[in-house]
Amino acid sequence: SRNFFKMAVTISDFGSHDGKDVKKAVLTNSNNTTIEIISLGATITSLRTADNNGKVEDIVLGYDNLEAYLDNPTYFGCVVGRVGNRIAKGKFSIDGTEYTLALNNGPNTLHGGPSGFHKRVFSMEKAGDNGVKLTYTSADMEEGYPGNLTVSVTYELNDANELAISYHGKTDKPTIVNLTNHSYFNLAGAASGDILGHEIESACRGYTPVNDELIPTGKVASVEGTPFDFRNPTSIGARIDKVENGYDHNLCVNRVGVKDGELAHVLKVTEPTTGRTLAVKTTEPGCQLYCAGFLDGTNIGREKVGYKRFGGFCLETQKYPDAINQPTFATTLLRPDGEYTSQTVFTFGTSGKRRREEK
């Protein structure tokens, strides 16, 4: 019967916020992979995939109700913007004009600000047979950013278990934009505990060192001899204690031989007990590896348990953090005569090694 299965996309109501209807989309393929997305924050709320034995579980941290997502202090599943990651001191200049943003991460601005895209209701429509497109227009000076910026985020799921996330943006004044998805993955199941046993194999040869406030110094350093070297498969937990509060660092995507605008392989994560795998490729130059060092068990998820420290990992594909203030980094600047485009593809799989049940 599998051959007759058609990709399915359904859209339903999920409440309202700020006078706008919040919608929920469900994308399903023939492999029993199901992805749920809500129009608040263009947020992935559920992502269910099979393990080596065919058992289907949710592998993203999340909630089962709109109220929790209206708060969502740790950005579960949402698209962050206008500018993902940190902007030092919440200040930047374009063409000699300085702009000042709200500070929401110590002395810095994080993920667009306190009322960034994660708090905004996007419109939602079907995109082809296997996707949904979410659109939002951010008004001039919203959260302190110049220009009316219209962005779209398209999620598409195919039968190869690839989730493609495509971003697009147009502005009427020079502005900055750096969109990413902030899903927290736990390939053993969202509430299964920590992710320290997950193994990463990465093509990244460099990373951007940071200061005490997690702002890049401006240098790109080799991963050689550091806890950021995953060129050989290594568990997340093997060296995480050598990094204060665990990984929250930008890896430099190895784009050697890959044209601008084309996808480059970043890394692959394998969870040994279930065999689930996750590979990521992107058009972006960077990928923030964040291992949930700030989770503390107070976020009660859909499973009715608190998500603990190191309970998930994020792969935030991006321009480098604080790029607008770092002349050597690829810029986040967008002008009216240009367009912002970005794509990231997550591929879900299994290692294929069926485990025997423990006797």
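Going by the structure above, here's the rest.
What comes next is a walk through the structure.

Each value, and the rule that gives it
- Residues numbered from 1 in each chain as written.
- Predicted model: local features only at pLDDT ≥ 70, side-chain atom pairs only at ≥ 80, totals over all residues.
- Heavy atoms only, no water.
- Helix = DSSP H or I, 4+ residues; strand = E, 2+ residues; numbered from the N terminus.
- Contact = heavy atoms within 4.5 Å.
- Polar contact = N/O pair within 3.5 Å; in protein donor to acceptor, adjacent residues only side chain to side chain.
- Core = buried A, V, L, I, M, F, W, Y, C linked by side-chain atoms within 4.5 Å.
- Buried < 20%, exposed > 50% of the residue type's maximum accessible area, 1.4 Å probe, protein only.
- Pairing = 2+ DSSP bridges.

1. Observations concerning the environment of R120
Right, so step 1: Along the chain, R120 falls in the loop between strand 10 (109-110) and strand 11 (123-127).
Right, so step 2: In sequence terms R120 and K268 are 148 residues apart; their C-alpha atoms lie 31 Å from each other.
Right, so step 3: Apart from residues lying up to four places away in sequence, R120 is in contact with S39, L40, G41, S115, Y136, E142 and E143.
Right, so step 4: At 3.0 Å, the side chain of R120 and the backbone oxygen of S115 are in polar contact.

2. Regarding the nonpolar core
Right, so step 1: Residues I37, L47, V132, Y155, Y247, F313 and L315 are the most contacted members of the largest nonpolar core, which totals 59 residues.
Right, so step 2: Looking at this core element by element, the count peaks at five residues for strand 13 (residues 149-157).
Right, so step 3: Filtering out sequence-adjacent residues up to four positions away, L315 remains in contact with N181, S183, L267, L278, V280, C287, Q288, L289 and F346.
Right, so step 4: Counting residues in hydrophobic clusters, the runner-up holds 18 residues, among them Y63, F76, V121 and L295.

3. Observations regarding the sheet that holds strand 11
Right, so step 1: With antiparallel pairing, nine strands are arranged side by side in an open sheet as 11-12-13-14-29-23-22-17-20. On the outer flanks of this sheet lie strand 11 and strand 20 (234-235), each paired with one strand and no other.
Right, so step 2: Relative to strand 14 (residues 162-171), strand 13 runs antiparallel, the two being bridged by nine bridges. Following the sheet pairing, T150 is matched in strand 14 by K170.

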